[in-house]
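Below, each chain spelled out in residue letters.
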Amino acid sequence: MSLLTPDLGLLFWMLVAFGTVFFVLAKFGFPVIVKMVEERKAFIDKSLADAKEATERLAGITQESEKILKQAREQELQILKQADEMRAKVIADAKEQAGIEAGKLIAEAKTAIRKEQELALRDVKKEIAELSISIAEKILRKNLSNLPSQQELVNQLINEAQN
Amino acid sequence: MTYNLRLILLFLIMFLSANTIFAQEQHKQNEELDVTELILEHVGDAYDWHIVTIKEHPMSIPLPVIVKGKTSGWHIFSSARFEHGHADYQGFSISHSEKYKGKIVERNADGTEMRPLDFSLTKNACSLLFGSSLLIILILSCANWYKKRNVETSSPKGFIGAMEMLIMSIVDGVVKPCIGKNYARYTPYLLTVFFFIFFNNLLGLIPLFPGGANVTGNIAVTGVLAIFTFVIVNIFGTKEYWKEIFNPNVPTWLKFPIPIMPAIEIVGLFTKPFALMIRLFANILAGHSIVLGLTCIIFISVSMGAAMNSFMSVLSVIMTIFIDVVELLVAFIQAYVFTMLSAVFIGLSQVEPHHEKVKK
């Protein structure tokens, strides 16, 4: 049967056709495609690994930032507490200082007032003395016009002075 | 919607293919329909490419005939000179005898028919060249896409993506597991084989002009493919491979004095590519024959009356569609099997000495 006997001409053409296809595709066709696909695969694998690493690093960063935040908050609290204490202390100190100052001022004022008082009192006394002297002068001048009364006064005065 | 469109297309194709045969049979109206001959004619080779016969006028593309007669030397002429096998030209004619039926023969002085050296571009050869150029264009255009682009920024979509999927499924699914560590050297060959067979199988399934030739169902074609595999298997075979053929690790009496095992191994060398050749040839030939046979039901049942004929026609179309769809599957499977077996044979020729395996 002719179906089972290979034809020489067709064998030849098949050899030519397949040989050409094989040569061209094995040189310029498939290696290019396979190489690119494998490169892309390698690239994808690398990208995946990179992404994983990045995610891990990001998680690390988040953790670290949380830690830093916590620390900062703690520090803040501490600072606030310190500030509070300081304020209280400053106020207390100020109060104490103010008390002392005030006491000093009051004392000074008191002494000043006393001095003033004394001065004023002295002035008043001086005034009164002068006034009483002038009054006495006037009275004396009037009473000494008659002698007996003069005598009597002198005696009286001498008695007084003697007592 | 797409599904319906495809169905319509499929029906159209079936109708046209049926039409082709029907038209061809018209000129034999009065003769009894010889299905065997019709099928053999269709699956066989021809010197012109028959497209359609309209009202007893066969429309066909004449193909170049290239022959070297024993005495008259080289001749190149168009096959139209034979007038569809009815005329002689320069001493050559298309034989009607039992021995060289349908082939070009040269008549000797004593009247006996001789086969000249025949390198004619027959229907199969043309289809082969057409398919090969198309395949080259297709794969090179894909390769070109890759060449123009950067791996890190783009990946293919659509047709090139599908081609990539197919290529990589062969590389990862067949070549790598069957051959092992040296697979890269054989990848281009195996991919070429796969696409060559697959592509020509598919072209053979198209019943319209550029397709329809029974290329991969021709033993010369499958034979050359098998020879390529045979050569590659044996050229790159390792020392261990040849040792296992001529001095296998079996009891001595199997090798000496009568070398039973080496003989079996040497026979095995040739049965492997032979099996490859026959498997592909038989499968594709069978597919074409079944489709043609089922289509012929329409013309056989003409004599059974109109009702029977229409029923059988519908049946025939349904069955033909079914077989055509199966053939689509077969087109892929046979290409896949040929590639896989080639890969397995190459893998077997890459054997390493056994003690290395123990080390693992």
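It should be noted that the structure appears before, not after, this text.
The structure displayed is predicted, hence computed values, not measured ones.

## Things to note about the overall build of chain A
A tally of regular secondary structure across chain A gives 2 helices and 0 strands. Against the globule reference of 15 Å for 163 residues, chain A gives a C-alpha radius of gyration of 64 Å, more extended than a compact globule. In terms of principal-axis extent, the alpha carbons of chain A reach across some 200 × 25 × 20 Å. When the 163 residues of chain A are sorted by exposure, 12% land in the buried category. As displayed, chain A has an accessible area near 13400 Å², and 63% of this comes from carbon and sulfur atoms. Across chain A, the mean location of the 24 positive side-chain charges is 1 Å away from that of the 25 negative side-chain charges.

## Points about the packing of helix α3 (residues 123-148) of chain B against helix α5 (residues 183-205) of chain B
Residue and element names in this part refer to chain B. One way to put it is that α3 packs onto α5 with a least axis distance of 10 Å and a crossing angle of 120 degrees. Our classification of the angle between α3 and α5 gives oblique. Both α3 and α5 take part in a crossing whose hand is right-handed. Residue-level contacts link S127, L128, F130, G131, S132, L134, L135, L138 and I139 of α3 to F195, F196, F199, N200 and L203 of α5. Considered class by class, the residues forming the contact of α3 with α5 number 10 nonpolar, 4 polar and no charged.

## Remarks on the pairing of strand β6 (residues 104-107) of chain B
Residues and elements named next belong to chain B. The pairing of strand β5 (residues 92-94) with β6 spans 3 bridges and is classified as antiparallel. Its bridge partner being in β6, F92 is matched across the sheet by E106. Between β6 and strand β7 (residues 113-114), which pair antiparallel in sequence order, lie 5 residues; one of them, G111, sits at a positive phi of approximately 90 degrees.

## A short note on the interface of chain A and chain B
How big an interface is tends to be reported as the loss of accessible area on association of its parts. With 36 residues of chain A at the interface, the matching set in chain B holds 54 residues. Roughly 4000 Å² is buried in total at the junction of chain A and chain B, and carbon and sulfur atoms are behind 83% of that figure. Of all residues in chain A, the largest losses of buried area upon contact with chain B belong to W13, F18 and F30 of chain A, amounting jointly to 17% of the total for that side. Notably, a salt bridge pairs K176 of chain B with E38 of chain A, separated by 3.8 Å at the nearest N-O pair.

## Describing helix α2 (residues 35-43) of chain B
What α2 of chain B keeps buried is the set L38, I39, H42 and V43 of chain B. Around the axis of α2 of chain B, the buried residues are gathered within 120 degrees of arc, so they sit on the same side.

## Some remarks on the packing of aromatic side chains
Aromatic rings considered in pairs are described by the distance between their centres and by the relative angle of their planes. Summed over the entire model, instances satisfying the criterion amount to 22 aromatic pairs over all chains. When the ring of F194 of chain B is compared with that of F198 of chain B, the centres are 5.6 Å apart and the planes differ by 25 degrees; the resulting orientation is stacked. Of the two residues, F194 of chain B and F198 of chain B both sit in helix α5, 4 residues apart, roughly one turn of that helix. Each of the two residues, F194 of chain B as well as F198 of chain B, counts as buried. Chaining the aromatic ring pairs together yields one cluster made of F30 of chain A together with F194, F195, F198, F332 and Y336 of chain B.

## Topic: the environment of F209 of chain B
All names here are of chain B. Relative to the helices and strands, F209 is located in the loop between α5 and α6 (219-235). Its relative accessible area of 34% is what places F209 among the partly exposed residues. Along the sequence, F209 and H50 sit 159 residues apart, while their C-alpha atoms lie 8.2 Å from each other.

## Quick look at the packing of α5 of chain B against helix α9 (residues 306-348) of chain B
Pairs of packed helices are described in terms of their axes, by the angle between the two and the distance that separates them. All names here are of chain B. Packing of α5 against α9 brings their axes to within 9 Å, and their N-to-C directions diverge by 160 degrees. On the basis of their axis angle, the class for α5 and α9 is roughly antiparallel. As α5 packs across α9, the resulting crossing turns out to be right-handed. Looking at the contact of α5 with α9 residue by residue, the classes come out as 16 nonpolar, 4 polar and 2 charged.

Quick notes on the rules
- Per chain, residue numbering runs from 1 following the sequence as it is written.
- Chains and ligands are labelled sequentially in the order written, the chains with letters from A and the ligands with numbers from 1.
- Given that the model is predicted, a residue must reach a pLDDT of at least 70 before its local features are reported, and side-chain atom pairs must reach 80 or more before they are shown or counted; all residues, however, enter totals for whole chains, interfaces and linings.
- In computing side-chain values, all of the structure's heavy atoms are included and hydrogens and water are not.
- We count a stretch as a helix when DSSP gives it H or I for four or more residues in a row; a strand needs E for two or more, and each element gets its number in order from the N terminus.
- We compute the radius of gyration over the C-alpha atoms and compare it with the globule rule, which gives 2.2 Å times the number of residues raised to the power 0.38.
- Summary of the burial criterion: residues with accessible area below 20% of their type's maximum are buried, those above 50% are exposed, and those between are partly exposed, where the area comes from a 1.4 Å probe applied to protein chains only.
- For every accessible area listed, the method is Shrake-Rupley and the probe measures 1.4 Å; residues are considered covered only by the protein chains on display.
- Under this rule, positive means Lys or Arg and negative means Asp or Glu; His and the chain ends count for nothing.
- Lys charges are placed at NZ, Arg charges at CZ, Asp charges at CG and Glu charges at CD.
- Axis angles are defined between N-to-C directions and span 0 to 180 degrees, where every axis is a line fitted to C-alpha atoms and, for a helix, only to the segment in contact.
- Just so you know how the angles are binned, under 35 degrees is roughly parallel, over 145 roughly antiparallel, 65 to 115 roughly perpendicular, and the rest oblique.
- Each crossing gets its handedness from the near helix: less than a right angle anticlockwise from the far helix is left-handed, clockwise is right-handed.
- Residues count as neighbours in contact if any of their non-hydrogen atoms are within 4.5 Å of one another.
- Basically, the charged four are Asp, Glu, Lys and Arg, the nonpolar ten are Ala, Val, Leu, Ile, Met, Phe, Trp, Tyr, Cys and Pro, and anything else, Gly included, counts as polar.
- One bridge is not enough; two strands pair if DSSP finds at least two bridges between them.
- A simple way to read buried area is as the amount of 1.4 Å-probe accessible surface that goes missing from two parts once joined, with both sides added.
- Here, a salt bridge means any Lys or Arg side-chain nitrogen found within 4 Å of an Asp or Glu carboxyl oxygen.
- Think of it as the arc spanned by the lines of direction from the helix axis to the C-beta atoms.
- Aromatic contacts are taken between Phe, Tyr and Trp rings whose centres are within 6.5 Å, Trp giving its six-membered ring; a plane angle under 30 degrees counts as stacked, one over 60 as edge-to-face, and the others as tilted.

Purely spatial values, then, with no claim about function.
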